[in-house]
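Each chain, letter by letter, is given below.
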Amino acid sequence: MAPRPEVRFHINPRQARVWRGKERLAIFTRLALMCEAHGLTFRAIARPGHEMTAQAGAADGNLHIVENGQMRGEGWLNTALAYLQGFWHLDPEGIQAESSAGRAVFDPEAVEQEAAQHFLRRLRRRFVAPRLSRFHQPRDPAQGLPEGAVALFLQGRSAYHNGRCALPMERMILAVAAGSGGRPVLVKPHPQALDEGRAAIAAAVAQGARLQATEANVHDVLAAACVTVSVNSAVAIEGFLHRKPAILFGRSDFPSLAVRAGDEADFPQALAAALGRGWPYARMLHWYYSRHALELAAPDFEARAFAAFERVGFPKDRLGL
């Protein structure tokens with residue numbers, strides 16, 4: 001008889017020994033509880049990042065779940081936070097722009113409106129009312145943000161990995177400032193790349209870009225904005241909570257929920273497209289999160305996790321359940 005498969009968590013070496021209970025690794029804690037409840041053996045393995053990107057994993061009879069991975073093959077799943085706290089990818093191809101969700105096409109008619117509205121209200125209570133975001137944000141309300149602004153949210157180097165975007169930060173700022181059609185432009189550096197963002201803003205201003213730099217709470221900026229602009233930031237999803245459309249300069253795993261601008265010349269047309277239609281935000285959010293991410297606290301978490309396991313060749317009977 002073949003040995004019962006193990007569930008192996010591949011976690012960055014800094015936290016592979018102290019992963020349990022860590023917020024940024026919350027899915028592993030949740031999966032560990034699920035494994036314990038069903039008598040499944042699991043263990044954490046230190047995962048050097050360069051070993052877990054864009055390659056086929058060995059089919060060794062065990063089920064592997066990789067933090068921030070891009071592994072593919074029988075028994076391999078990749079996980080990362082899916083933009084909002086409490087929601088996670090569990091995907092056979094990758095995370096975010098590299099996940100299988102990127103090929104999905106949103107069909108609003110396939111989403112029940114009442115359920116979608118309930119979901120949006122719940123998310124707004126959870127994130128918008130307390131002004132919560134993934135990274136640290138100022139608590140004091142912002143003053144002097146212009147209404148109806150085009151809000152550009154800068155990101156760090158990770159947004160440019162794997163060819164997700166070819167447009168450097170400084171040129172992106174110049175393009176948005178030049179193509180805003182007279183609307184005020186707000187530019188917010190990423191909280192984890194402040195120096196890089198500030199330098200790019202200063203360089204763009206030196207070249208004549210008219211804008212207002214801000215480091216205000218993301219929810220204050222979104223409340224003032226008419227549209228979000230980024231490479232592929234979580235702020236696009238947060239903008240949907242505020243019923244604001246998104247323009248992306250890079251690849252993402254929700255392309256049918258946003259307008260894509262490939263380069264500087266595309267931006268004015270992308271802005272007109274984003275502002276020129278009515279977006280069904282509640283249905284968009286419900287579709288994305290009910291089909292392409294798992295909510296750790298949801299009653300159906302285990303059912304959806306087991307469905308993900310089956311997707312890579314590990315149905316319950318193979319796990320001995």
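As a reminder, the structure under discussion sits directly above these lines.
These remarks concern the structure in this document. From a predicted model like this one, the values you see are computed outputs, not experimental measurements. (Residues numbered from 1 in each chain as written. Predicted model: local features only at pLDDT ≥ 70, side-chain atom pairs only at ≥ 80, totals over all residues. Heavy atoms only, no water.)

Regarding its fold elements, the chain presents 9 helices and 14 strands. For 321 residues, the compact-globule formula gives about 20 Å, and the C-alpha radius of gyration of the chain, at 21 Å, lands near that figure. Across the chain, every contact between residues at least 6 apart in sequence was considered, and the portion connecting residues at least 24 apart equals 65%. Carbon and sulfur atoms form 51% of the exposed surface of the chain, whose accessible area is close to 14,200 Å². One finds the centroid of the 38 positive side-chain charges in the chain at a distance of 3 Å from the centroid of its 31 negative side-chain charges. (Helix = DSSP H or I, 4+ residues; strand = E, 2+ residues; numbered from the N terminus. Rg over C-alpha atoms; globule rule 2.2 N^0.38 Å. Contact = heavy atoms within 4.5 Å. Areas by Shrake-Rupley, 256 points an atom, 1.4 Å probe, with all protein chains shown as cover. Lys, Arg positive; Asp, Glu negative; His and termini not counted. Charge placed at Lys NZ, Arg CZ, Asp CG, Glu CD.)

Pairing in this open sheet of 6 strands is parallel, and the strands run E10-E9-E8-E11-E12-E13 from one edge to the other. At either margin of the open sheet sits one strand with a lone partner, and together these are strand E10 (212-213) and strand E13 (259-260). When strand E9 (residues 185-188) meets E10, the two strands line up parallel, connected through 2 bridges. Its bridge partner lying in E10, valine 187 is registered against alanine 213. (Pairing = 2+ DSSP bridges.)

One can describe the packing of helix H3 (residues 169-178) onto helix H4 (residues 194-206) by two numbers: an axis separation of 9 Å at closest approach and a directional angle of 50°. When the axes of H3 and H4 are compared, the pair comes out oblique. In this structure, H3 meets H4 at a crossing whose hand is right-handed. Contacts from Met169, Glu170, Ile173 and Leu174 of H3 reach H4 at Glu196, Gly197, Ala200, Ile201, Ala203 and Ala204. (Axes fitted to C-alpha atoms, helices over the stretch in contact; angles between N-to-C directions. Parallel < 35°, antiparallel > 145°, perpendicular 65-115°, else oblique. Left-handed = near helix turned anticlockwise from the far one by under 90°.)

Before going further, it helps to spend a moment on the sheet that holds strand E1 (residues 7-11). Taken in spatial order, the 6 strands line up as E2-E1-E4-E6-E7-E14 in an open sheet, and their pairing is mixed. The outermost strands of the open sheet, each flanked by one partner alone, are strand E2 (42-46) and strand E14 (294-295). Direction of pairing for E1 relative to strand E4 (residues 63-67): parallel, over a ladder of 4 bridges. Residue pairing for E4: arginine 8 is matched across the bridge by histidine 64.

In this section: the packing of aromatic side chains. Under the defined criterion, the tally for this structure stands at 16 aromatic pairs. Pairing phenylalanine 249 with phenylalanine 267 gives two aromatic rings, centres 6.1 Å apart and planes at 15°, and the pair type is stacked. Taken together, the residues phenylalanine 249 in the loop between strand E12 (246-248) and E13 and phenylalanine 267 in helix H7 (residues 267-275) connect sequence positions 18 residues apart. Assigned by exposure class, phenylalanine 249 and phenylalanine 267 land together as buried. (Phe/Tyr/Trp six-rings, centres within 6.5 Å; stacked < 30°, edge-to-face > 60°. Buried < 20%, exposed > 50% of the residue type's maximum accessible area, 1.4 Å probe, protein only.)

The next subject is the pairing of E9. Residues of E9 alternate between two faces, with Val185 and Val187 on one and Leu186 and Lys188 on the opposite face, all of them buried. Bridge analysis of strand E8 (residues 149-153) against E9 gives 4 bridges, and the strand direction is parallel. Each residue of the ladder has a partner; that of alanine 151, found in E9, is leucine 186. Handedness of the β-α-β unit built from E9, H4 and E10 comes out right-handed. (Right-handed = clockwise from strand over helix to strand, strands pointing away.)

A word on the pattern of salt bridges. Applying the stated rule across the entire model yields 17 salt bridges. Here glutamate 74 ties to arginine 318 by a salt bridge, and the two come within 3.2 Å at their closest N and O atoms. With glutamate 74 in the loop between strand E5 (71-72) and strand E6 (76-81) and arginine 318 in the segment after helix H9 (301-311), this pair connects stretches of sequence that are 244 residues apart. Relative accessible area serves as the criterion here: at 39%, glutamate 74 is assigned to the partly exposed category. (Salt bridge = Lys/Arg side-chain N within 4 Å of Asp/Glu carboxyl O.)

A few words now on the nonpolar core. By size, the foremost hydrophobic cluster in this structure holds 61 residues, and its most contacted members are Val150, Ile247, Phe249 and Tyr289. A total of 7 residues in this core trace back to one element, the largest contributor, which is helix H8 (residues 281-292). Leaving out residues up to four positions away in the same chain, isoleucine 247 has contacts with Val227, Thr228, Val229, Ser230, Val259, Ala261, Phe267, Ala270, Leu271 and Ala274. Core analysis: the next-biggest nonpolar cluster, separate from the first, contains 29 residues, Val7, Phe9, Met34 and Leu296 among them. (Core = buried A, V, L, I, M, F, W, Y, C linked by side-chain atoms within 4.5 Å.)

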